[in-house]
Amino acid sequence: MSGAKQAAGAKRGAKVPVRPSRPRGRPTSEDAAEIDNALIDAALAEFIREGYGGASMRGIAKAANVARTTLQARFDSKEALFQAIMTQQIARMSAAASLDSDGAADLKAGLRAYAKRALFYSLESDYLHVNRLIYGASHQFPEVARAALESTRTGIEQITRFIARCAEADGIPCRHPEIPAEGFILMLRGWYGRAFLRETAVPAAERESWVDAMVDLLVAGRASW
């Protein structure tokens, strides 16, 4: 297309696709993922700016520079978009707080690493904005509360598998790994809630000291798991 034709198209207000360089034809899985991520990023920015209740599909489509029909073909509602945001954040959290290791599973070391990385990520990134949305909107919008509960469930499942793996590696019976896993995740969420509400930032040393003490307390009861 010539420069003159491009300028004419711009004057007519032609939409700019999320990925204009993609060749014609059916999008690849990578293309689709990139488009979805762009839409999710636009939705998160809109939710942060307007709040969950004030955000609209029209505004999100405009921010993403796509037609509303394009947005709704991929995400049919604000609820679907918010769930996608939570799923994305959970995936990033999982990568940041991975329990995988090339060596032998170490229960204390793994739990400490998970807790410290998870709390750091939660207090320093977009996840902080997501949690502010949850705190502010969950009482009014049940779909927001459901997305938050799904995040908690995912964390409990991750820790349950890790505890079971450590029990097998250490030769220590563990009848109900889901119980200490739930306690671990809920203690993390409780501490995070308090830190979230404080007027000043929590020093890293204070956060890490609490994690060490919490893990020591939890693991001290391992024989009863």
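Residues numbered from 1 in each chain as written. Predicted model: local features only at pLDDT ≥ 70, side-chain atom pairs only at ≥ 80, totals over all residues. Heavy atoms only, no water.

Asker: Can you break down the layout of surface pockets residue by residue, with the values?
Answerer: Empty space within the second largest pocket amounts to approximately 200 Å³. If you go around the second largest pocket, the residues you meet are Leu123, Glu124, Leu128, Arg132, Ala195, Phe196, Arg198, Thr200, Ala201, Val202 and Arg207. Contributions of two or more residues to the lining of the second largest pocket are made by α6 (107-124), α7 (126-137) and α9 (178-197). Tallied by class, residues from the lining of the second largest pocket come to six nonpolar, one polar and four charged. (1 Å grid on protein atoms, 1.4 Å probe; cavity = no way out; pocket = protein on both sides within 12 Å on 5 of 7 lines; lining within 4 Å. Points joined across faces, edges and corners; volume = space filled by probe spheres on them. Helix = DSSP H or I, 4+ residues; strand = E, 2+ residues; numbered from the N terminus. Nonpolar A, V, L, I, M, F, W, Y, C, P; charged D, E, K, R; others polar.)

Asker: Which residues make up the nonpolar core, and what are the values?
Answerer: Counting residues in hydrophobic clusters, the biggest one holds 62 residues, and the most contacted among them are Phe47, Leu71, Phe82, Leu111, Ile159 and Phe184. Among the elements of the structure, α2 (29-54), α3 (57-64), α5 (78-96), α6, α7, α8 (142-170), α9 and α10 (204-220) are those that each provide at least two residues to this core. With sequence-adjacent residues up to four places away left out, Ile159 is seen in contact with Leu99, Leu111, Tyr114, Ala181, Phe184 and Ile185. (Core = buried A, V, L, I, M, F, W, Y, C linked by side-chain atoms within 4.5 Å. Buried < 20%, exposed > 50% of the residue type's maximum accessible area, 1.4 Å probe, protein only. Contact = heavy atoms within 4.5 Å.)

Asker: I'd like a description of empty space enclosed by the protein, backed by residues and values.
Answerer: If you walk through the whole model with that rule in mind, you get one cavity of 30 Å³ or more. Size it by volume and the largest cavity reaches roughly 260 Å³. What lines the largest cavity is a set of 18 residues, among which Met93, Tyr114, Ala118, Tyr127 and Arg189 lie closest to the centre. Secondary structure elements with two or more residues in the lining of the largest cavity: α5, α6, α7, α8 and α9. Top element by residues in the lining of the largest cavity is α8. It accounts for five residues. Partitioned by chemical class, the residues of the lining of the largest cavity number nine nonpolar, eight polar and one charged.

Asker: So, the UniProt feature "DNA-binding region" (unreviewed entry) in the protein chain: which residues are in play, and what are the values?
Answerer: The UniProt feature table records "DNA-binding region" (unreviewed entry) at residues 56-75. Annotated as 75% helix and 0% strand, the span residues 56-75 places its first and last C-alpha atoms 12 Å apart. (UniProt positions renumbered as here; feature names shortened; annotations may be inferred.)

Asker: Describe in detail the packing of α6 against α9, supporting the description with residues and values.
Answerer: The geometry of a pair of packed helices is captured by two quantities: the angle between their axes and the separation between those axes. Where α6 contacts α9, the two axes come as close as 11 Å, and the packing angle between them is 35°. Considering the relative orientation of α6 and α9, their crossing is right-handed. For the pair formed by α6 and α9, the contact residues are Leu111, Tyr114, Ala115, Leu119, Ser122 and Leu123 on the first element and Phe184, Ile185, Leu188, Trp191, Tyr192 and Ala195 on the second. Split by residue class, the contact of α6 with α9 holds eleven nonpolar, one polar and no charged. (Axes fitted to C-alpha atoms, helices over the stretch in contact; angles between N-to-C directions. Left-handed = near helix turned anticlockwise from the far one by under 90°.)

Asker: Report on α9, specifying residues and quantitative values.
Answerer: An α-helical turn contains 3.6 residues, so any two residues separated by three or four positions project in the same direction. With 20 residues, α9 should cover 28 Å at 1.5 Å per step; its first-to-last C-alpha distance of 29 Å lies within 8% of that length. Pro180, Ala181, Phe184, Ile185, Leu188, Trp191, Tyr192, Gly193, Ala195 and Phe196 are the residues of α9 that are buried. Buried-residue contacts for α9 involve α6, α7, α8 and α10. (Expected span 1.5 Å × (residues − 1).)

Asker: Would you mind going over α10 in detail, with residue names and values included?
Answerer: Compared with the 24 Å implied by 1.5 Å per residue over 17 residues, the 24 Å span of α10 between its first and last C-alpha is a close match. Packed against the buried residues of α10 are α6 and α9.

Asker: Describe the packing of aromatic side chains, with residues and values.
Answerer: A complete count under the given rule lists seven aromatic pairs for this structure. Relative to Phe141, the ring of Tyr52 has its centre 4.9 Å away and its plane inclined at 65°; by these criteria the two rings are edge-to-face. Highlighted residues: Tyr52 in helix α2 and Phe141 in the loop between α7 and α8, separated in sequence by 89 residues. Both residues of the pair, Tyr52 and Phe141, count as buried. Ring geometry for Trp191 and Trp210: centres 5.5 Å apart, planes at 25°, overall stacked. Placement of Trp191 in helix α9 and of Trp210 in helix α10 is noted, with a sequence separation of 19 residues between them. The buried category is assigned to Trp191, whose relative accessible area is 5%. Judged by its relative accessible area of 24%, Trp210 falls in the partly exposed class. Here a set of aromatic residues connected by ring pairs shows up, and it is made of Phe47, Tyr52, Phe82 and Phe141. The cationic tip of Lys78 hangs over the ring face of Phe141; the distance from NZ or CZ to the ring centre is 5.9 Å. (Phe/Tyr/Trp six-rings, centres within 6.5 Å; stacked < 30°, edge-to-face > 60°. Lys NZ or Arg CZ within 6 Å of the ring centre and 35° of its normal.)

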